Amino acid sequence: MDAVPFVKMHGLGNDFVVVDARARAFRPTPEQAQAIGDRRRGVGYDQLLIIEPPRNGAAQVFMRIINPDGSESGACGNGTRCVADLVMRGAGADAIVIETMAGPLHARRAEGGRITVDMGEVKTGWRDIPLAEERDTLHLGIGAGLLQDPVAVSLGNPHAVFFVDDPDAIDLAGLGPGLEHHPLFPERANIGVAAVRGADEIRLKVWERGAGLTLACGSGACAALVAAHRRGLAGRSATVTLPGGPLDIDWREDGHAWMTGAVATAFAGTLDPALLAS
């Protein structure tokens, strides 16, 4: 395989290797994706994002999302904002439609160089998460240690949001893996621990399925606001502050979650063919 160009980007420290495969296809095996994601021997990323030609004529690009363990994901909010910024800059545009496994996502430029993305309609039905059996998604009744009774939300990927007094007091690295793989989640789940500081202020940490602890998780921030509103703890709009920084989330009356936040380009390079030899 020839050398593959890439761009390293991040949204609040949630980092991505972005490969533009519109002109030349790039479909790494799970082993190759793991090699690229190795932070010591590869490039390292929270997700590998591959820009492909759209399947839907209404979209400008299709975005494939791959986790460091080689599995695919249906949604990635911060990654969507990064790809939107990259593609819009290349096209000289201020708005774009990005097709994903979870459906089309609309993105546009916002003030201060930030990017706004419509993450689509939030799902709260037990089959939509999906769960292995029928449960009240507002009170799942599962837990581990200090984390008990989460709210389930789907943003095209499954989330379980636990409410706590202080996210920093939770050993999420220790509890996250077991909860991610709980039998109730046949497709695993992203695990969020949230503290509501006011009707429009939430602090959040996230254990991402297939990736582990992350500095920021866009779909997790949306899930946290939706869960807090459903529990009567917050309004429909809030600033969700993660370890990497803030995201402004708005769960609109039509059920769509909109997210606004910063993006940045760290560097560009090429993937050595030796890295892709596996």
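Relevant structure appears above.
Peer 1: Break down the overall build of the protein for me, citing the residues and quoting the values.
Peer 2: Counting secondary structure elements, the protein contains 4 helices and 19 strands. In terms of overall dimensions, the protein is globule-like: its C-alpha atoms have a radius of gyration of 18 Å, near the 19 Å expected for 278 residues. Its C-alpha atoms put the protein at 50 × 40 × 30 Å along the principal axes. Considering the protein as a whole, with its 278 residues, one finds that 53% of them fall into the buried category. By sequence separation, contacts in the protein at least 24 residues apart represent 60% of the contacts at least 6 residues apart. Across the protein, the centroid of the 26 positively charged side chains sits 3 Å from that of the 34 negatively charged ones.

Peer 1: Lay out the pattern of salt bridges in plain terms, naming residues and giving numbers.
Peer 2: This structure, assessed with the given rule, holds 21 salt bridges. The residue Arg39 makes a salt bridge to Asp46 at a minimum N-O spacing of 3.4 Å. For Arg39, a relative accessible area of 49% gives the class partly exposed. Overall, the relative accessible area of 7% leaves Asp46 in the buried class. Salt bridges sharing common partners tie together Lys8, Asp15, Arg39 and Asp46.

Reading the values: rules and limits
- Residues numbered from 1 in each chain as written.
- Predicted model: local features only at pLDDT ≥ 70, side-chain atom pairs only at ≥ 80, totals over all residues.
- Heavy atoms only, no water.
- Helix = DSSP H or I, 4+ residues; strand = E, 2+ residues; numbered from the N terminus.
- Rg over C-alpha atoms; globule rule 2.2 N^0.38 Å.
- Buried < 20%, exposed > 50% of the residue type's maximum accessible area, 1.4 Å probe, protein only.
- Contact = heavy atoms within 4.5 Å.
- Lys, Arg positive; Asp, Glu negative; His and termini not counted.
- Charge placed at Lys NZ, Arg CZ, Asp CG, Glu CD.
- Salt bridge = Lys/Arg side-chain N within 4 Å of Asp/Glu carboxyl O.

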